[in-house]
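Residue-level structure breakdown
Read off the chains here:
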Amino acid sequence: MPLPKYNLPRLKGKIIALDGPAGSGKSTTAQLLARSLGYVYLDTGAMYRALTYFALKIGVPPSDGVKLTTLAKNVSIEFKTENDQNNIYINGEDVTTAIRTPEVTRAVSEVSAHRGVREAVVAQQKEIGKNGNIVAEGRDTTTVVFPQADLKIYLDASVEIRAQRRLLDMGKLGVSTTFEEQVEDIKRRDDFDSNRRHSPLQRAKDAYYVDTSNMTIEEQVEWIINLIKKLVK
Ligand code: DC
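I will try to describe carefully the structure that is included in this document. Since the structure is predicted, the reported quantities are computational estimates derived from the model, not experimental observations.

Each value, and the rule that gives it
- Chains are numbered independently. Their residues run from 1 in the order of the written sequence.
- The predicted nature of this model means local features are confined to residues of pLDDT at least 70 and side-chain atom pairs, given and counted, to a pLDDT of 80 or more, with totals for whole chains, interfaces and linings taken over all residues.
- Water and hydrogen atoms were dropped before computing side-chain values, which therefore reflect all heavy atoms in the structure.
- Helix numbers and strand numbers start at the N terminus; a helix is a DSSP run of H or I with at least 4 residues, a strand a run of E with at least 2.
- Note on method: radius of gyration uses C-alpha positions; expected globular size equals 2.2 Å times residues raised to 0.38.
- Partly exposed residues are those whose accessible area sits between 20% and 50% of the maximum for their type, while under 20% is buried and over 50% is exposed, using a 1.4 Å probe and protein chains only.
- Should any heavy atoms of two residues lie within 4.5 Å, those residues are considered in contact.
- Only four residue types enter the tally: Lys and Arg on the positive side, Asp and Glu on the negative side, with His and both chain ends excluded.
- Taken as the charge location is NZ of Lys, CZ of Arg, CG of Asp or CD of Glu.
- Whether a residue is near a molecule or strand depends on its heavy atoms: it is near if one of them lies within 4 Å of it.
- Pairs of N or O atoms within 3.5 Å make up the polar contacts considered here, provided that, within protein, one atom can donate a hydrogen while the other can accept it, and that residues adjacent in sequence are counted only when both atoms are side-chain atoms.
- Ten residues, namely Ala, Val, Leu, Ile, Met, Phe, Trp, Tyr, Cys and Pro, are considered nonpolar, four, namely Asp, Glu, Lys and Arg, are considered charged, and the remaining ones, Gly among them, are considered polar.
- Expected span of a helix: the number of residues minus one, times 1.5 Å.
- DSSP bridges decide pairing: two strands pair if at least two such bridges lie between them.
- Between the N-to-C directions of two axes lies an angle of 0 to 180 degrees, each axis being a line fitted to C-alpha atoms and, for a helix, fitted only over the stretch in contact.
- Take the far helix as your reference; a near helix turned counterclockwise from it by less than a right angle gives a left-handed crossing, and one turned clockwise gives a right-handed crossing.
- For Phe, Tyr and Trp, where Trp contributes only its six-membered ring, two rings pair if their centres lie within 6.5 Å, and the inter-plane angle classes them as stacked under 30 degrees, edge-to-face over 60, or tilted in between.

So, the overall build of the chain
Counting its regular elements, the chain contains nine helices and eight strands. Its C-alpha atoms give the chain a radius of gyration of 17 Å, within 12% of the compact-globule value 17 Å for 233 residues. Each of the three principal axes of the chain carries a C-alpha extent, and together these read 50 × 40 × 35 Å. Taking all 233 residues of the chain together, 51% fall into the buried category. A separation threshold of at least 6 residues defines the contact pool for the chain, and within that pool the share at least 24 residues apart is 75%. The averaged location of the 30 negative side-chain charges in the chain is 6 Å from the averaged location of its 33 positive side-chain charges.

See below:
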């Protein structure tokens with residue numbers, strides 16, 4: 001998506017955190033924001049997905065918290081901006097596309113629910129954001145990873161709208177799926193991500209809430225930019 005021109009204040013060293021369920025528009029919004037601000041974009045879900053991809057590849061089941069924790073502590077996960085794309089590598093392998101397959105999507109909630117896995121991955125995320133200048137998005141960036149964030153936002157949308165968005169995303173990646181499959185998958189992940197024991201998806205008390213069901217991405221970004229303008233006044 002081309003970068004719209006926003007009349008943005010100069011913002012140094014801030015942390016902006018966005019949480020919300022699958023398909024709420026976090027990734028696109030966070031990416032546009034990060035590019036507009038000249039900040040790093042941190043897709044925390046992609047890190048859990050990369051770990052899941054790797055575990056499935058080497059035969060570690062999503063239920064094995066002990067092995068997954070060891071794996072999470074020992075793999076190297078890196079983001080690289082290449083041709084305006086935010087690519088992700090695990091142990092040197094570019095897995096940007098591979099982490100979006102239905103197999104990985106089905107397994108990632110279970111992998112990311114293990115406490116040891118979360119501790120290892122969250123430690124890396126905190127390190128990436130330690131100097132600020134970051135827009136992070138996920139399920140626990142406003143509550144656990146960056147509780148000190150300067151701006152916290154919780155994005156939401158109806159299940160049907162989120163499924164429709166996911167269907168479009170999958171189409172672009174050439175993954176064959178249906179609207180009904182996406183509704184099922186979103187409901188299952190919402191349930192799993194919101195009810196797990198460690199760091200469940202929840203709205204931080206000091207997060208701004210926005211329902212994006214009837215908003216375009218441009219409107220979402222604009223809405224956040226207006227908050228940022230108030231923040232730095
Ligand atoms: O945002 P996403 O759909 O790519 O995230 C994939 C999964 O990763 C999601 O179902 C739950 C998990 N996740 C998490 O537990 N904590 C985060 N901060 C981000 C994602």
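Now that the structure is up, let's keep going.
Notes on the site of the ligand
Taken together, the neighbourhood of the ligand is formed by 16 residues, with Arg 49, Arg 118, Asp 140, Arg 189 and Arg 196 sitting nearest. With respect to the ligand, the side chain of Arg 118 contributes an N or O atom lying 2.8 Å from an oxygen atom. The separation between an oxygen atom of the ligand and a polar side-chain atom of Arg 196 is 2.8 Å. Only helix H2 (44-58), helix H4 (102-112) and helix H8 (179-195) provide two or more residues apiece to the shell around the ligand. Per-element accounting of the shell around the ligand gives the leading share, four residues, to H2. For the shell around the ligand, a count of residues per class yields two nonpolar, five polar and nine charged.

Some remarks on helix H1 (residues 26-37)
Relative to the 16 Å expected for twelve residues at 1.5 Å per residue, H1 spans 16 Å between its end C-alpha atoms, a close match to the ideal helical length. Lys 26, Thr 29, Ala 30, Leu 32, Leu 33, Ala 34 and Leu 37 are the residues of H1 that are buried. Contact partners of the buried residues in H1: strand S1 (15-19), strand S2 (40-43), strand S6 (134-138), strand S7 (151-156) and helix H9 (217-231). In the segment just after H1, Gly 38 is the residue with positive phi, at about 70 degrees.

What about the sheet that holds strand S5 (residues 93-94)?
Read from one edge of the open sheet, three strands run S3-S4-S5, paired in antiparallel fashion. Two strands bound the open sheet, and with one partner strand each, they are strand S3 (77-82) and S5. Pairing between S3 and strand S4 (residues 85-90): six bridges, direction antiparallel. In the sheet register, Glu 82 faces S4, and the bridge partner there is Gln 85. On the sheet, H2 packs against S3, S4 and S5 and is oriented at approximately 40 degrees with respect to S4.

A closer look at the packing of helix H7 (residues 159-172) against H8
Between H7 and H8, the shortest axis-to-axis distance is 8 Å and the interhelical angle comes to 115 degrees. Two packed elements cross with a definite hand, and for H7 against H8 that hand is right-handed. Residues Val 159, Glu 160, Arg 162, Ala 163, Gln 164, Arg 166, Leu 167 and Met 170 of H7 form the contact with H8, whose own contacting residues are Phe 179, Gln 182, Val 183, Ile 186, Lys 187, Arg 189 and Asp 190. In the contact of H7 with H8, the residues fall into seven nonpolar, two polar and six charged.

Comments concerning the packing of aromatic side chains
Counting across every chain of the model gives one aromatic pair. Both rings, one in Tyr 154 and one in Tyr 209, keep their centres 6.0 Å apart while their planes meet at 10 degrees; by these two values the pair is stacked. Of the two residues, Tyr 154 sits in strand S7 while Tyr 209 sits in strand S8 (residues 208-211), which places them 55 residues apart along the sequence. Of the residues examined, Tyr 154 reaches a relative accessible area of 11% and is grouped as buried.

Focus on the side chain of Thr 29
Relative to the assigned elements, Thr 29 resides in helix H1. Under the relative-accessibility criterion, Thr 29 is labelled buried at 0%. With residues near it in sequence (within four places) discarded, Thr 29 still touches Leu 18, Leu 155, Ile 217, Gln 220, Val 221 and Ile 224.

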